[in-house]
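Coordinates in review
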Amino acid sequence: MTIKVLLADDQALLRSAFRILVDSEPDMEVVGEASDGAQAYELCRTTGADVVLMDIRMPGVDGLAATRMISQDPELSGVRVVILTTFEVDDYVVQALRAGAGGFLGKGAEPDEMLGAIRLAAAGEALLSPVATKGLITKFLAQGDSSADGGPGGRGAEKLATLTGREREVLTLVAGGLSNDEIAEQLAVSPLTVKTHVNRAMAKLGARDRAQLVVIAYESGLVRPRVQ
């Protein structure tokens, strides 16, 4: 299966570099290029893209607005957005996760890391780098608005009542940045069992992917931000 990638960045030189990198892989291809968010949204609808590499800052409709447009379009439910940003510690990235992005990647990432990110996103996994998980999310996510204060009454707390005890436990570990294999080792269960719990939690909470589970975990108050 070939992963169809859409590039959205206002810098033509960067898009060219990304295209060369992506098209060099046998399992992926670039199906379109956009210089702003509005064009990215329209190309998502016409190219059948699986993954969008989205610059967060673009003229006109920016990456944040475009991500929201994509995530709210039922016809694009299978599209995964990976935000590209110069600075990982950036409040706009938190907003992007809330808007429906599957994760983000620094523009200084190594080529193999970017290619791996595309594959992870296409598989529905969250792309949250160690810097993001341990720094940005814990520092900003629960502080992004007054309803997400890290307390038991935070936004989305009522949804947690639908989860079983084990699903809540797995959700807490997902929010800590652990992979399925790492969670399985910690809980002494199989990775398949963990995947089942994750999928059930996603369905019950209406989450598109693991990144959205992380958002819900913080906004509901299940996980509290660590003071750095």
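Our subject is the structure listed above.
Summarised in this report is the structure supplied together with it. (Residues numbered from 1 in each chain as written. Predicted model: local features only at pLDDT ≥ 70, side-chain atom pairs only at ≥ 80, totals over all residues. Heavy atoms only, no water.)

A few points about the pattern of salt bridges
Let me state the cut-off plainly: Any carboxyl oxygen of Asp or Glu that lies within 4 Å of a side-chain nitrogen of Lys or Arg is treated as forming a salt bridge with it. Only DSSP runs of H or I reaching four residues or more are called helices, and only runs of E reaching two or more are called strands; each is numbered from the N terminus. For each residue, the accessible area found with a 1.4 Å probe, counting protein chains only, is set against the maximum for its type, and the residue is called buried under 20%, exposed over 50%, and partly exposed in between.
Under the definition given, this model contains 9 salt bridges. Residue Asp27 is joined to Arg119 by a salt bridge in which the shortest nitrogen-to-oxygen separation is 2.7 Å. Placement of Asp27 in the loop between helix H1 (12-23) and strand S2 (28-34) and of Arg119 in helix H5 (residues 111-122) is noted, with a sequence separation of 92 residues between them. Judged by its relative accessible area of 23%, Asp27 is partly exposed. Arg119 sits in the partly exposed class, given a relative accessible area of 30%. The salt bridge involving Glu169 is made with Arg166; its shortest N-O contact spans 2.9 Å. Placement of both Glu169 and Arg166 in helix H7 (residues 165-175) is noted, with a separation of 3 residues, approximately one turn of the helix. Note on Glu169: relative accessible area 39%, which makes it partly exposed. Note on Arg166: relative accessible area 32%, which makes it partly exposed. The network of salt bridges with common partners includes Arg15, Arg19, Asp23 and Glu33.

Notes on the packing of H7 against helix H10 (residues 210-219)
Condition: Axis definition: a line fit to C-alpha positions, over the contact stretch in the case of helices; interaxial angles, taken between N-to-C directions, run 0 to 180 degrees. Roughly parallel refers to an angle under 35 degrees, roughly antiparallel to one over 145, roughly perpendicular to one between 65 and 115, and oblique to any angle outside these ranges. When checking whether two residues touch, look at their non-hydrogen atoms; a contact exists if any pair is within 4.5 Å. Under the convention adopted here, Pro, Cys and the residues Ala, Val, Leu, Ile, Met, Phe, Trp and Tyr are nonpolar, Asp, Glu, Lys and Arg are charged, and Gly plus all remaining residues are polar.
The geometry of H7 relative to H10 is characterised by a closest axis approach of 9 Å and an angle of 105° between their N-to-C directions. Here H10 runs roughly perpendicular to H7, going by the angle between their axes. Contacts from Leu171, Val174 and Ala175 of H7 reach H10 at Arg210, Leu213, Val214, Ala217 and Tyr218. Of the residues assigned to the contact of H7 with H10, the class counts are 7 nonpolar, no polar and 1 charged.

So, to be careful, I would describe these as geometric facts and stop short of saying anything about function.
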